[in-house]
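Breakdown of the fold
Given next are the chains, with one letter for each unit.
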Amino acid sequence: MVSILMLTVSAGSLAQNSNQDPTIADLQRQIQEMRSQMAKMQNRIAELEAPNGTAETNSTTDPILPQSRTPPADALRSQLGEVKTSKEATPFNYKGITLTPGGFLESTILVRTRNENADMANSYTTIPLNGSSNARLSEFRGTVRNSELSLLIQGSTGSAKLKGYVEADFLGAAPTANFLESSSWTPRLRQLWVQLDRPSGWTFTVGQMWSLLTTNRQGIANLTELRPIGEDGNYVVGFTWTREKAIRVTRNFNNKVWAAFAVEDPETTYSAAFVPANVMGLNTSPNAGTGVNLLPFLANYSNGQATTLAPNLLAKVAFEPGRGHFEIKALGRIFRDRIASTATTSGHTNITEGYGVGFGALMPFVKNKVELSLEGLLGQGIGRYGSSGLPDITLHPTTGAMLPLRQGWFMGGVVYHRSSHLDVYAYGGDEYTGRYAFVSPTGTAAGYGSPLVDYSSCTNEVALNACNGANQNIYEATAGYWYRLYRGEYGRIEYGNQVVYMHRNLWSGIGTRLQGGDIVVYSTIRFYLP
């Protein structure tokens, strides 16, 4: 644009001088002046376009960074310990916005010593019990369903930044999907959100994203979640997470302290040895109007509460004092169900509260070659936020009230960056749910973890196949590595192996207490998109 302007001005000047019959010397002098002016202007443009660090300023010269200091290409690689290069996740421009594709293509082979019929994701709450048929059957499976595709969209309006992000894998399962012939698994939405990032430090995000309770690597920024880097589709026991619809507000205080508040989707899971009659509001109660179900309903098809009252409320504060990242987080929940009216009884609605408090930490050691992570959550009615999938509540056998279960868990991990090609990792975690035992009106076990649950008949393989009880705790230890086979302008190829040991204990009852364990081995090759 500047060059065109200079040429236009010079052309006008030459045209004016042409009326005065200029000499060749005059023309040469004017051309030389024009070249000198163009050179000065180009140098000035280069100075303005030169990188000036990551700090951004607005019209008030506010030095506060936007929420995420992570460059777009780096933000898409949320796996811990990945070495980043400028040749990966190359963005491109379209009509004034920046598009950054990402993700990876993956092929995995896994072997379980006990059959879970579980594909990539371990089913922690249904680990086969000792002596059952599945405990005597191994499982071999190959899958590509954990492959991920993503797209980050960025733009700006004035001094604010706009972001949009969508991410999907293929771990969805339509009713007709199976391994029998075509393995036509459906795509599954992981994340889809939009974000307004103000230079003043305020960030507003709405959509489906990782829960605010999930620990971050840096600040409280989307795409910086501190996830275990293993191959299990269900991560690690003790890892705190959901990916749900949410509205989040974050404030950055000089890149040392961050605070955030969020409202998130409130779905609820439950487990009860006895369910009183006419309880409504659970996933086993259809919502009917004039004889037609307003919500598609299939018993045992999904876990959830159809008539939730209010969103979950979450808050978090993160600190980065100079070395390491530390978090304190809190959760508030409201549960509701109803005993329906009948011709002889009056109905009533039950409302109960749940809560949780937790922490997270990421600490580098040995010149950042070793990273130690710790996290935990403690409270009541928090089960859905743990990897194991433990229930949130049980039911009172008479009133039908939802009773939040006392729960807690922790997870620790260490990652060793051996070289630019090799990362070695290990994790361990435990999740616990307390008893909430009652006696039903008929004198049988009720609530959760009742000592009246009868295991005495679970003495042979046939009986064990149908024998079950309430989970007390589930723990896991796992280790593995990722080795980078190739890195270049065409992307990155990594190969990894992981070994998992997990164990499940039930609450004691009448007869021998039941438990079960499983060992899983993964072998995966991934191609990260350029």
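Check the entry above for the structure.
The sections below set out a description of the structure shown in this document. (Residues numbered from 1 in each chain as written. Predicted model: local features only at pLDDT ≥ 70, side-chain atom pairs only at ≥ 80, totals over all residues. Heavy atoms only, no water.)

**Structural notes on the overall build of the protein chain**
Summing up its helical and strand segments, the protein chain has four helices and 25 strands in all. Looking at the protein chain as a whole, 47% of its 530 residues are labelled buried. Summarising the internal contacts of the protein chain: among those between residues at least 6 apart in sequence, 66% fall at separations of at least 24. (Helix = DSSP H or I, 4+ residues; strand = E, 2+ residues; numbered from the N terminus. Buried < 20%, exposed > 50% of the residue type's maximum accessible area, 1.4 Å probe, protein only. Contact = heavy atoms within 4.5 Å.)

**Observations concerning the packing of aromatic side chains**
By the definition in use, this model includes 12 aromatic pairs. On the numbers, 5.5 Å between centres and 35 degrees between planes, the contact of tyrosine 165 with tryptophan 193 is tilted. Taken together, the positions of tyrosine 165 in strand 5 (residues 160–169) and tryptophan 193 in strand 6 (residues 188–197) put the pair 28 residues apart, joining distant regions of the chain. Given a relative accessible area of 2%, tryptophan 193 falls into the buried group. Between the aromatic rings of tryptophan 210 and tryptophan 241, the centroid separation amounts to 5.7 Å while the plane-to-plane angle is 50 degrees, which identifies the pairing as tilted. A residue pair is termed long-range when its members are at least 10 positions apart, and tryptophan 210 in strand 7 (residues 202–210) and tryptophan 241 in the loop between strand 7 and strand 8 (243–253) qualify at 31 residues. The ring of tyrosine 385 carries the charged tip of arginine 384 above its face, separated from the ring centre by 5.4 Å. (Phe/Tyr/Trp six-rings, centres within 6.5 Å; stacked < 30°, edge-to-face > 60°. Lys NZ or Arg CZ within 6 Å of the ring centre and 35° of its normal.)

**Concerning the pattern of salt bridges**
As a working rule, side chains carrying opposite charge can pair if their charged atoms are close by. Scanning the entire structure with this criterion turns up 19 salt bridges. Note that aspartate 119 and arginine 145 form a salt bridge whose closest N and O atoms lie 3.4 Å from each other. With a gap of 26 residues between them, aspartate 119 in the loop between strand 2 (97–112) and strand 3 (139–143) and arginine 145 in the loop between strand 3 and strand 4 (148–157) connect regions that are remote in the sequence. Of the two residues, aspartate 119 and arginine 145, neither departs from the other in class, the shared state being buried. Residues aspartate 169 and arginine 190 are paired through a salt bridge, measuring 3.1 Å at the closest nitrogen-oxygen approach. Residue aspartate 169 is located in strand 5, and its partner arginine 190 is located in strand 6; the two are separated by 21 residues in the primary sequence. Comparing aspartate 169 with arginine 190 shows no difference in burial state: the two are buried. Taken together, the salt bridges that share partners define one network made up of Glu148, Glu167, Asp169, Arg188 and Arg190. (Salt bridge = Lys/Arg side-chain N within 4 Å of Asp/Glu carboxyl O.)

**Quick word on a nonpolar patch on the surface**
There is a patch of nonpolar side chains on the surface, built from Ile109, Val111, Phe140, Tyr475, Val499, Tyr501, Ile519 and Val521 and spanning about 690 Å² of accessible area. Listing elements by their share of the nonpolar patch, those giving two or more residues are strand 2, strand 24 (491–506) and strand 25 (515–528). With respect to the helices and strands, tyrosine 475 occurs in strand 23 (residues 471–488). A residue is classified by how much of its surface remains accessible, and tyrosine 475, at 31% relative accessible area, is partly exposed. (Patch = residues over 30% accessible without salt bridge, like charges linked within 9 Å, V, L, I, M, F, W, Y side chains within 5 Å. Areas by Shrake-Rupley, 256 points an atom, 1.4 Å probe, with all protein chains shown as cover.)

**Brief notes about unusual backbone geometry**
Trans peptide bonds make up the majority, and among non-glycine residues the majority have a negative phi. You will see that lysine 95, though not glycine, has its phi angle at about 50 degrees, which is positive. Tracing the backbone shows lysine 95 in the loop between strand 1 (92–94) and strand 2. Among the residues examined, lysine 95 registers a relative accessible area of 74% and is labelled exposed. Within the chain, tyrosine 235 stands out as a residue other than glycine whose phi angle is a positive 65 degrees. Considering the arrangement of structural elements, one finds tyrosine 235 in the loop between strand 7 and strand 8. Relative accessible area serves as the criterion here: at 9%, tyrosine 235 is assigned to the buried category.

**Describing the pairing of strand 21 (residues 436–439)**
A regular strand places its side chains on the two faces of the sheet in alternate fashion. In terms of strand pairing, strand 21 meets strand 22 (residues 445–448) through four bridges, oriented antiparallel. Within strand 22, the position partnered with valine 439 by the bridge is alanine 445. In this structure, the hairpin formed by strand 21 and strand 22 is closed by a connection of five residues, where glycine 443 is found at a positive phi of approximately 85 degrees. (Pairing = 2+ DSSP bridges.)

**Points about the nonpolar core**
Ranked by size, the top nonpolar core spans 13 residues in total, and within it Leu212, Leu213, Ile220, Leu314, Leu331, Leu377 and Tyr385 carry the most contacts. At the level of elements, strand 9 (257–264) and strand 13 (312–319) are the ones that each hand at least two residues to this core. Residue contributions to this core peak at three residues, all from strand 9. In this structure, Met120, Val237, Val500 and Val520 belong to the second largest nonpolar core, which totals 12 residues. (Core = buried A, V, L, I, M, F, W, Y, C linked by side-chain atoms within 4.5 Å.)

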